[in-house]
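Here's the letter readout for the chains.
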Amino acid sequence: MLFWQYGILWGSGFATYGSDQAFKHYSPLYVRFGFHHDYALVQETGFAMNDNFWPMLLAQFGLFGAFLYVYWLFVRLG
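What counts and how
- Residues numbered from 1 in each chain as written.
- Predicted model: local features only at pLDDT ≥ 70, side-chain atom pairs only at ≥ 80, totals over all residues.
- Heavy atoms only, no water.
- Helix = DSSP H or I, 4+ residues; strand = E, 2+ residues; numbered from the N terminus.
- Contact = heavy atoms within 4.5 Å.
- Core = buried A, V, L, I, M, F, W, Y, C linked by side-chain atoms within 4.5 Å.
- Buried < 20%, exposed > 50% of the residue type's maximum accessible area, 1.4 Å probe, protein only.
- Patch = residues over 30% accessible without salt bridge, like charges linked within 9 Å, V, L, I, M, F, W, Y side chains within 5 Å.
- Areas by Shrake-Rupley, 256 points an atom, 1.4 Å probe, with all protein chains shown as cover.
- Salt bridge = Lys/Arg side-chain N within 4 Å of Asp/Glu carboxyl O.
- Phe/Tyr/Trp six-rings, centres within 6.5 Å; stacked < 30°, edge-to-face > 60°.

Draft legend 1. Representation of the overall build of the protein within the structure. Helix and strand content of the protein: three helices and zero strands. Starting at the N terminus and ending at the C terminus, the protein contains elements arranged as α-α-α. Counting only C-alpha atoms, the protein reaches 45 × 25 × 20 Å along its principal axes. Contacts in the protein between residues at least 24 apart in sequence constitute 49% of all its contacts with a sequence separation of at least 6.

Draft legend 2. Examining the nonpolar core more closely. Formed by Tyr17, Ala22, Phe23, Tyr26, Leu29, Tyr30, Phe33, Phe35, Leu41, Met49 and Ala59, the largest nonpolar core amounts to 11 residues. Residue assignment for this core shows that the elements contributing at least two residues are helix H1 (20-24) and helix H2 (28-32). If we skip the residues at most four places from it in the chain, Met49 touches Gly18, Phe23, Tyr26, Tyr30, Ala40 and Leu41.

Draft legend 3. Examining a nonpolar patch on the surface more closely. A surface patch of nonpolar side chains, amounting to about 940 Å² of accessible area, comprises Ile8, Leu9, Trp10, Leu63, Phe64, Phe67, Leu68, Tyr71 and Val75. Along the polypeptide, Leu9 turns up in the segment before H1.

Draft legend 4. Expanded view of the packing of aromatic side chains. In total, this model carries 13 aromatic pairs according to the counting rule given. Here the aromatic rings of Phe53 and Trp54 are separated by 5.3 Å at their centres, their planes lie at 75°, and the arrangement is edge-to-face. Three or more aromatic residues link up through ring pairs in this structure, and these residues are Tyr17, Tyr26, Tyr30, Phe33 and Phe35.

Draft legend 5. Geometry of the environment of Ser27. Within the element layout of this structure, Ser27 appears in the loop between H1 and H2. On the basis of relative accessible area, Ser27 is assigned to the buried category, the value being 3%. Ser27 sits 10 residues away from Tyr17 along the chain, and the two C-alpha atoms are 6.9 Å apart. Those residues within four positions of Ser27 in sequence are excluded, and the remaining contacts are Ala15, Thr16 and Ala22.

Draft legend 6. Quick look at the environment of Tyr17. On the secondary structure map, Tyr17 appears in the segment before H1. Residues Tyr17 and Leu58, spaced 41 residues apart in sequence, show a C-alpha to C-alpha distance of 9.3 Å. Once residues within four sequence positions are removed from consideration, Tyr17 is found in contact with Ala22, Tyr30, Phe33, Phe35, Pro55, Met56, Ala59 and Gln60.

Set out below in structure tokens:
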């Protein structure tokens, strides 16, 4: 995936990929990755933008954030 080039360890930041806010403000990463050429991902329709969780977690928060999330789940569900 292309987002691995943009911060595999720390991620690309809040509201930059796969979340509701990333779509509402149409993240610059979407244009960089060419999503604006796909009908299901364009800014006007975007009906397939928010149907993922793990890719959003990895892209926005990187491996470090994903590790913290999984750790938190194990601690909470213990």
